[in-house]
Each structure stands twice: as structure tokens, then as C-alpha cells.
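Take a look at the letters that make up each chain.
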Amino acid sequence: MSDLQFAKIVASPNEQSWAQVYSAGKLFAVIALHKNGEEQTSLNVIGKDILTTLEQEFFTLEHKSLDTIKQAVSQTAKKIPDSVSSTFIVSYIADNLMYLFIKGNARALLKRDEKLGRVSDEEESDELATYSGFLQDNDTIILGTKQFFDNVAKATLLSSLKHTDPSDISEDLAPIIQGKEEPEAAAIVILYKDAIKQMGSSDSLETTQEAPEEREETEHEDKVEQPAVVPFVEIEERKSSRIPSLPFRVSLPKLPLSKTKKMILTVSVILIVLLIFAMYLSAKKQDTTREQMLYDSIYPKAQKQYEQGVSLLDLNKGLAVDSLTASQKILTDNQNKFPQGSNQRKQVDDLLQKVNDALKQNSAGSAANLDKSKITITVQNGSGQEGAAGKAADFLKSQGYNVSSTGNADNSSYTGVTIKVKNANNNFADALKKDLSQKYSVSSVTTDLSSSFATDALVIIGK
């Protein structure tokens with residue numbers, strides 16, 4: 001477990017330059033933008049859009065590793081227009097492991113004990129540079145733009161870092177930045193504390209650290225590539241870019257405890273439980289906030305497109321279908337980002353059902369004279385009866401469908417006929433159900449067939 005304290009330093013923007021500092025949980029970012037050409041959009045609007053994209057890309061990751069976070073940051077960086085030059089630095093701290101991503105002219109420094117070192121390379125690069133390494137208790141990290149470090153003298157920086165509280169460091173440095181016309185100057189000061197070590201030093205329990213034994217790479221290390229960190233310039237005792245973490249345990253006294261010690265132990269356990277519960281509530285609240293922000297960013301837009309499409313049905317059916325299709329794309333692209341059973345997911349599903357119904361009734365492809373040869377179908381035998389797939393394929397061909405292949409299903413316990421159609425071809429779902437119902441009992445019709453499936457539709461013949 002870790003405890004992170006931080007403080008932000010940001011200069012005042014102008015029409016040509018803008019900077020901002022962002023934090024959410026264990027995710028931190030510093031961004032600076034500068035207009036190079038005739039960009040009409042406000043930098044404030046562009047910057048907030050970039051930070052919103054970062055939040056959406058990051059917090060929808062199911063597994064946060066070096067590669068997945070780098071991909072999220074890379075996708076975010078694509079939102080920066082060509083007419084705008086940028087500095088972008090992102091850090092994520094998981095327990096005592098820090099991931100760092102830098103694009104443009106930004107720097108990252110680390111203070112450990114009484115020494116100050118450099119984490120990132122000083123050379124500016126348009127490519128996304130990646131760093132990672134382990135932190136130690138009471139490490140102080142400074143992430144900032146080049147303009148920030150250019151305007152803070154080294155002696156001033158070293159003097160301010162004598163403070164341990166990031167707020168005190170910010171109070172020393174903020175007036176310097178805000179007193180100069182450098183709108184691209186911005187930084188964040190982060191103090192890392194090992195929560196377990198802090199708790200261990202505050203009670204009377206004996207804490208021990210076992211010497212690390214030689215072992216194979218852990219599952220985490222197998223999955224996450226650890227690129228070499230640029231050596232900390234003045235931290236001589238650091239021999240490699242990866243600082244080993246030591247196993248930690250609490251050894252309870254073997255002798256009988258006095259009443260006072262028992263009381264202290266009981267209180268300590270209660271405090272630890274309360275701390276864990278508070279962290280759980282905080283994480284849950286953060287997830288809820290993230291889901292609500294995502295919902296607010298997509299649902300009103302999709303609803304507006306739907307309402308616009310419905311209102312245009314009697315005036316211009318072509319434009320109406322375009323609006324409905326746009327609404328459908330917004331909803332299907334983001335549908336699975338909301339947990340099943342949540343209020344946001346229910347509202348998204350309900351609106352998507354309305355959109356699909358409207359498209360089925362009004363799109364040109366839903367007419368009775370559909371060109372059935374345009375859809376490719378795979379027929380599978382899920383009944384265990386020999387020849388069932390071939391007979392169904394012949395029947396579908398007689399109805400004008402294009403049957404591409406036949407085979408066996410993943411099991412032979414299907415009941416009735418299961419129809420699965422890709423969402424892009426959902427207008428054929430009703431036609432398939434209607435035609436197959438002439439000879440079979442249709443038990444299921446869905447339009448969520450994977451887009452990577454070999455054909456447009458899958459028909460499984462059950463018992």
C-alpha cells in the first residue's frame with residue numbers, strides 16, 4: 001500500500017500558450033500547449049478534451065500494465081492537433097512501482113534522502129518515451145515542463161526541497177512561476193510514502209524485512225516489460241534501474257501480552273481494518289465518478305442524435321437514418337464500458353433498443369425485398385443429429401441466402417434454432433427468423449455476433 005501527497009504549480013495562460021496539471025487517484029499528468037499556426041479552437045478547450053480522453057482511456061483499462069497504459073497515453077496524444085506543439089508527461093504509481101511516459105520537452109526529477117537525481121532523459125522527443133522503476137519511502141518526485149525548470153534556479157529548487165510537505169514546496173516555487181510570463185510553465189510535486197512502513201513505525205510492533213532470495217520472475221514481471229530507467233544522476237548507490245522490493249511481515253511477540261499491549265494491538269487492528277475499508281470506499285467512489293463522467297460525455301450526444309433522427313423521419317428519411325446510425329455507433333462503442341446492472345448501462349441499453357427499432361422500421365435494408373444474397377451465413381449443427389446443418393443450409397439457399405460454410409457447433413445440446421447476426425447486418429435478423437420459422441422453432445435471435453467472425457451471420461440448428 002502507498003500514500004501519495006501532491007501539490008500543483010501552474011502559470012497563467014494566454015491566447016498562444018496554456019498549461020494544466022491533472023490528478024486522479026494514482027494517475028498524474030502535466031500538459032502544456034502552444035499554437036504554431038492558425039488554430040481557431042481555444043487551447044483551453046483542446047487541453048480539457050485531451051485530459052478527458054486520457055481519463056476515459058485509462059480508467060476503462062481492465063488490466064493496467066506498462067503496455068496497456070502506454071497505449072492509452074498514445075491514443076490520448078493523437079487528440080493533439082498538428083497546429084499545436086505540446087509537452088505531455090504522465091505518471092501512474094501502483095504500490096511502489098512508478099510508470100512514466102513523456103512526449104515533448106518535459107523532465108522528471110526524484111529526491112531521495114538528501115540527493116536529487118534525474119529520472120527522464122533531457123532531450124526533447126516527439127516519440128513517447130517510457131520509463132519505470134521502484135520508489136522508496138519518502139521519495140519526492142517532480143514532474144514539470146522545460147519552461148518550469150528553466151525559470152526555477154537550481155539553488156532555489158534544492159532549498160525548497162528541504163521541505164517534506166509538497167504544499168510547502170509549492171508555496172516556495174509557485175510565486176516564482178506566477179510572477180513570470182511563462183504560460184507553459186507547470187509542474188506537480190508528489191511525495192510517496194510506504195503506508196505499511198508508516199504504520200509499522202508508529203506502533204510498538206516489531207517489524208522485520210527478510211532478505212530477498214533468488215527466485216524466478218513473478219507473474220507480474222512476466223507480463224510487464226520494465227524498460228531501463230535513465231540513471232539518477234547524483235544517486236550513486238543506485239546500481240540499476242530497478243530497485244528490488246523486500247518482502248515485509250509483522251512478527252508478533254511469542255510471550256504473553258499484557259493488557260495494555262493487547263489493547264494497543266486491538267486498536268491497531270481496528271485502525272488497519274478501517275483504513276482498508278476507507279480505501280475500498282474511495283476506490284468505489286472513484287469508479288462511480290469515472291462511470292458518470294463517461295455517461296455524461298456519451299449519452300446526451302447519442303440521445304440528441306436519436307431525437308434528431310426521429311424528428312426527420314417525415315421530412316428526410318435519408319438524413320433521419322444517418323442520425324439514428326450515428327446514435328447507434330456512439331452507444332455500441334461505449335456500451336460495454338458500463339457494468340452490467342448499473343443505472344447507466346440500463347439507460348444506454350434502453351436507448352440503443354429504441355435506436356435499433358427505429359432503424360429496423362425505417363432503413364432501406366429493412367424492406368420486404370431485402371437482397372438475401374448479400375449476407376453470408378455459417379450453418380452449424382448443434383443437435384447431434386447427422387446432416388442437420390446440411391439440410392438447414394439447403395433450405396436457406398432455397399430462400400435466396402448465401403450460405404458460405406457448414407460444420408459442427410461447440411456442443412450438441414442446443415435447443416431450437418439460434419440466430420446470431422453482426423450488428424452491421426441487424427436488418428437481416430427478422431428476415432432470417434421469419435424464413436427459418438417456416439420449418440424450425442427459433443429459440444434465440446441476437447445482433448451481437450463478433451465483428452471478427454468469418455461470415456455476417458451464424459445459424460445453429462439445435463434439437
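Residues numbered from 1 in each chain as written. Predicted model: local features only at pLDDT ≥ 70, side-chain atom pairs only at ≥ 80, totals over all residues. Heavy atoms only, no water.

1. As for the sheet that holds strand β10 (residues 186-194)
In step 1: The five strands lie next to each other as β1-β10-β9-β6-β7, forming an open sheet whose pairing is antiparallel. Each having just a single partner strand, β1 (2-10) and β7 (115-118) make up the two edges of the open sheet. The average undirected angle you get between the axes of adjacent strands in this sheet is 20 degrees.
In step 2: Here β1 runs beside β10; their pairing, made up of nine bridges, is antiparallel. Residue pairing across strands places Phe-6 opposite Ile-190, the latter belonging to β10. (Pairing = 2+ DSSP bridges. Helix = DSSP H or I, 4+ residues; strand = E, 2+ residues; numbered from the N terminus. Axes fitted to C-alpha atoms, helices over the stretch in contact; angles between N-to-C directions.)

2. A look at the environment of Leu-173
In step 1: As for its placement among the helices and strands, Leu-173 is situated in helix α5 (residues 166-178).
In step 2: The buried category is assigned to Leu-173, whose relative accessible area is 0%.
In step 3: Leu-173 sits 164 residues away from Ile-9 along the chain, and the two C-alpha atoms are 7.7 Å apart.
In step 4: Here Leu-173 is in contact with Ile-9, Phe-148, Val-152, Thr-156, Leu-157 and Ser-160, once residues within four sequence places are set aside. (Buried < 20%, exposed > 50% of the residue type's maximum accessible area, 1.4 Å probe, protein only. Contact = heavy atoms within 4.5 Å.)

3. Section: a nonpolar patch on the surface
In step 1: Together, Met-263, Val-267, Ile-270, Leu-271 and Leu-274 give the surface a local cluster of nonpolar side chains, amounting to about 500 Å² of exposed area.
In step 2: Position of Leu-271 relative to the elements: it lies in helix α8 (residues 259-312).
In step 3: Its relative accessible area of 52% is what places Leu-271 among the exposed residues. (Patch = residues over 30% accessible without salt bridge, like charges linked within 9 Å, V, L, I, M, F, W, Y side chains within 5 Å. Areas by Shrake-Rupley, 256 points an atom, 1.4 Å probe, with all protein chains shown as cover. Salt bridge = Lys/Arg side-chain N within 4 Å of Asp/Glu carboxyl O.)

4. Details of the packing of α8 against helix α10 (residues 343-362)
In step 1: Where α8 meets α10, the axes come as close as 11 Å, and the angle between the chain directions of the two elements is 20 degrees. On the basis of the axis angle, α8 is roughly parallel to α10. In the packing of α8 onto α10, the handedness of the crossing is left-handed. Across from Glu-291, Gln-292, Tyr-295, Ile-298, Tyr-299, Ala-302, Gln-303 and Tyr-306 in α8, the residues of α10 making contact are Gln-344, Gln-347, Val-348, Leu-351, Lys-354, Val-355 and Ala-358.
In step 2: Class assignment of the residues belonging to the contact of α8 with α10 gives a composition of nine nonpolar, four polar and two charged. (Parallel < 35°, antiparallel > 145°, perpendicular 65-115°, else oblique. Left-handed = near helix turned anticlockwise from the far one by under 90°. Nonpolar A, V, L, I, M, F, W, Y, C, P; charged D, E, K, R; others polar.)

5. Re a negative patch on the surface
In step 1: Together, Asp-165, Asp-168, Glu-171 and Asp-172 make up a region of like negative charge exposed at the surface.
In step 2: Summarising the element assignment, Glu-171 is placed in helix α5.
In step 3: Judged by its relative accessible area of 57%, Glu-171 falls in the exposed class. (Lys, Arg positive; Asp, Glu negative; His and termini not counted. Charge placed at Lys NZ, Arg CZ, Asp CG, Glu CD.)

6. A few points about the pattern of salt bridges
In step 1: In this structure the tally under the stated criterion is seven salt bridges.
In step 2: For the salt bridge of Lys-146 with Asp-150, the shortest nitrogen-to-oxygen distance reads 2.6 Å. Of this pair, Lys-146 and Asp-150 both sit in helix α3 (residues 146-151), four residues apart, which is roughly one turn of that helix.
In step 3: The closest approach of N and O atoms between Lys-329 and Asp-333, which form a salt bridge, is 2.7 Å. Residue Lys-329 and its partner Asp-333 are located together in helix α9 (residues 317-334), separated by four residues, close to a single helical turn.
In step 4: Taking the relative accessible area as the measure of exposure, Lys-329 reaches 52% and is therefore exposed.
In step 5: What makes Asp-333 partly exposed here is its relative accessible area of 46%.

7. Comments concerning the side chain of Gln-335
In step 1: Locating Gln-335 in the fold gives a position in the loop between α9 and α10.
In step 2: Separated by 2.7 Å, the side chains of Gln-335 and Asp-349 make a polar contact.
In step 3: The contact partners of Gln-335, leaving out residues within four places of it in the chain, are Arg-345, Val-348, Asp-349 and Leu-352. (Polar contact = N/O pair within 3.5 Å; in protein donor to acceptor, adjacent residues only side chain to side chain.)

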